[in-house]
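Below are the chains, spelled out letter by letter.
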Amino acid sequence: KGIATRASNGKIMQAVAKGCPYFLGGSADLAPSTKTRLNASDITDFMPPTSGWGDYSGRNFHFGIREHAMGAICNGMTLSKLRAF
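I will try to describe carefully the structure that is included in this document. (Residues numbered from 1 in each chain as written. Predicted model: local features only at pLDDT ≥ 70, side-chain atom pairs only at ≥ 80, totals over all residues. Heavy atoms only, no water.)

A closer look at the overall build of the protein chain
Rule in force here: To qualify as a helix, a DSSP run of H or I must reach at least 4 residues; to qualify as a strand, a run of E must reach at least 2; elements of each kind are numbered from the N terminus. Restricting the calculation to C-alpha atoms gives the radius of gyration, and the globule rule supplies 2.2 Å times the number of residues raised to the power 0.38. Think of it in three bands: residues with accessible area under 20% of the maximum for their type are buried, residues over 50% are exposed, and the middle band is partly exposed, with areas taken using a 1.4 Å probe on protein chains only. It only takes one pair of heavy atoms within 4.5 Å for two residues to be counted as in contact. The positive count covers Lys and Arg only, the negative count covers Asp and Glu only, and His and the chain ends enter neither. A single reference atom marks each charge: NZ on Lys, CZ on Arg, CG on Asp, CD on Glu.
In terms of regular secondary structure, the protein chain is built from three helices and five strands. When the helices and strands of the protein chain are read in sequence order from the N terminus, they spell out α-β-α-β-β-β-α-β. Relative to a compact globule of 85 residues, whose C-alpha radius of gyration would be 12 Å, the protein chain shows 13 Å and is just as compact. Each principal axis of the C-alpha distribution contributes one length, and for the protein chain these read about 45 × 30 × 25 Å. A buried classification covers 31% of the 85 residues belonging to the protein chain. In the protein chain, the proportion of contacts linking residues at least 24 apart, taken out of those at least 6 apart, comes to 49%. Distance from the positive charge centre (10 side chains) to the negative charge centre (5 side chains) of the protein chain: 10 Å.

Here is the structure:
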C-alpha cells in the first residue's frame, strides 16, 4: 500500500525546510493532521517570546480558522520573496 499524499508532502516539506531558511508558513488549525508543521529542532513557532511557545524568528504560523486572512498573509510573504506555504 502506498503512502498518503499528506504524509509524503509532509516529508518533502521537512526536506525543503532544511535547505531553504526562508521557507515558512502554516495552516489553519489542522497542522498535525495535514502534516504541514515544520519539525526541525531549530525551527520554532512565530509567536511573541512572552508566550513561551516560540519567538519572532519562528517559521510555523498558527492562522486559526482565518482561511481568507491566511491566503492574504501568504501572498504578502510571497511578494516579499519568502517561500510561503
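That covers the picture; the talk isn't over yet.
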